[in-house]
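# Geometric and topological summary
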Amino acid sequence: MKNIADKTERKTLKKLQDLINSRSIKPSEAWGCFSNPKSVHAFKKYTVNFTDEEIKSLNELREKVKKILKQKISKRCAYCKRAMGQHGMSWNIEHIRCKSKHPKMTFALNNLTYACLDCNLVKNNAVDNKANYIFDIIDPNSKGFRYGENIGFLQLSTDSIHVLKYKPMSKAGNKTYEKLKFRELEHIELLCSLNDTIGSLCDRIDERLPRLASSDDTLELAEFLQNMKFRLI
Ligand SMILES: [Zn+2]
């Protein structure tokens with residue numbers, strides 16, 4: 001992010017990165033400060049204070065980052081390619097390499113993208129928080145990356161049916177299909193379009209997920225609800 005930040009923004013960003021490097025706060029806490037800056041952030045080990053100028057600088061930098069990322073991904077989830085605004089889903093800035101394992105990449109623009117909440121939550125469990133952390137899924141920001149060389153993607157909608165189909169075409173594409181549960185996504189999208197009751201149940205879960213997933217305290221509940229959605233099939 002340094003490259004797109006002005007002098008004040010760079011200084012505030014450095015303050016957060018220094019706090020991560022000195023282990024005063026966790027990368028997730030620093031990211032919380034960046035995502036929703038306020039004058040006092042009291043964490044277990046440390047309290048972060050921001051001046052009005054620092055808060056303004058973080059808000060402005062975050063907007064710049066969002067704009068760049070949205071343009072880059074053409075307003076589609078970087079992993080499943082479903083379009084933004086569908087399913088009443090919220091869209092999180094996604095750390096490709098998770099910040100707890102790669103704290104120095106917490107604010108690295110080339111480690112950030114947009115993902116839908118389904119992919120974001122599933123990736124948390126299946127990749128980021130695995131005891132033996134192995135990153136073997138697609139990296140949409142890697143040099144020369146082309147989605148179509150890794151995963152074939154077909155989306156077809158009529159008045160009465162919605163079909164979503166993936167075809168893994170590379171090793172990383174296979175791992176993404178398997179770990180991010182694309183088969184379940186295919187089934188749930190089809191089922192929701194065929195059955196109104198299941199469709200509206202999924203919508204109601206999707207409406208509640210963003211708020212639950214935005215706090216560490218209720219993240220487990222968000223994952224439970226999302227799991228329930230995938231079990232409807
Ligand atoms: Zn997705």
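Described in the following lines is the structure provided in the data block. (Residues numbered from 1 in each chain as written. Predicted model: local features only at pLDDT ≥ 70, side-chain atom pairs only at ≥ 80, totals over all residues. Heavy atoms only, no water.)

## Here we look at the coordination of the zinc ion
For the zinc ion, the full set of protein donor atoms is Cys77 (SG), Cys80 (SG), Cys116 (SG) and Cys119 (SG), and the range of their distances to it is 2.3 to 2.4 Å. Each of the four donor atoms around the zinc ion contributes to a set of angles spanning 106 to 116°, which defines the coordination as tetrahedral. Taking the relative accessible area as the measure of exposure, cysteine 116 reaches 1% and is therefore buried. (Donors = N, O, S within 2.8 Å, 3.2 Å for Na, K, Ca; no water. Tetrahedral: all angles 85-135°; square planar, octahedral: opposite > 155°, others 65-115°. Buried < 20%, exposed > 50% of the residue type's maximum accessible area, 1.4 Å probe, protein only.)

## Some points on the pattern of salt bridges
The final tally for this structure, using the stated rule, is 16 salt bridges. The closest approach of N and O atoms between aspartate 18 and lysine 14, which form a salt bridge, is 2.8 Å. Highlighted residues: aspartate 18 and lysine 14, both in helix α1 (residues 7-21), separated by four residues, approximately one helical turn. Across the salt bridge formed by lysine 229 and aspartate 206, the nearest N and O atoms sit 2.8 Å from each other. In this pair, lysine 229 sits in helix α9 (residues 219-231) while aspartate 206 sits in helix α8 (residues 196-213), placing the two residues 23 residues apart along the sequence. (Salt bridge = Lys/Arg side-chain N within 4 Å of Asp/Glu carboxyl O. Helix = DSSP H or I, 4+ residues; strand = E, 2+ residues; numbered from the N terminus.)

## Thoughts on unusual backbone geometry
Look at arginine 23: it is not a glycine, yet its phi comes out positive at around 60°. Within the fold, arginine 23 resides in the loop between α1 and α2 (27-35). Residue arginine 23 is classed as exposed on the basis of its relative accessible area of 66%.

## Focus: the side chain of glutamate 54
For glutamate 54, the location among the structural elements is in helix α3 (residues 52-72). The exposure class of glutamate 54 is buried, given its relative accessible area of 17%. Polar contacts involving the side chain of glutamate 54 include one to the side chain of lysine 15, which spans 3.0 Å. Residues within four places of glutamate 54 in sequence aside, it is in contact with Thr12, Lys15 and Asn49. (Polar contact = N/O pair within 3.5 Å; in protein donor to acceptor, adjacent residues only side chain to side chain. Contact = heavy atoms within 4.5 Å.)

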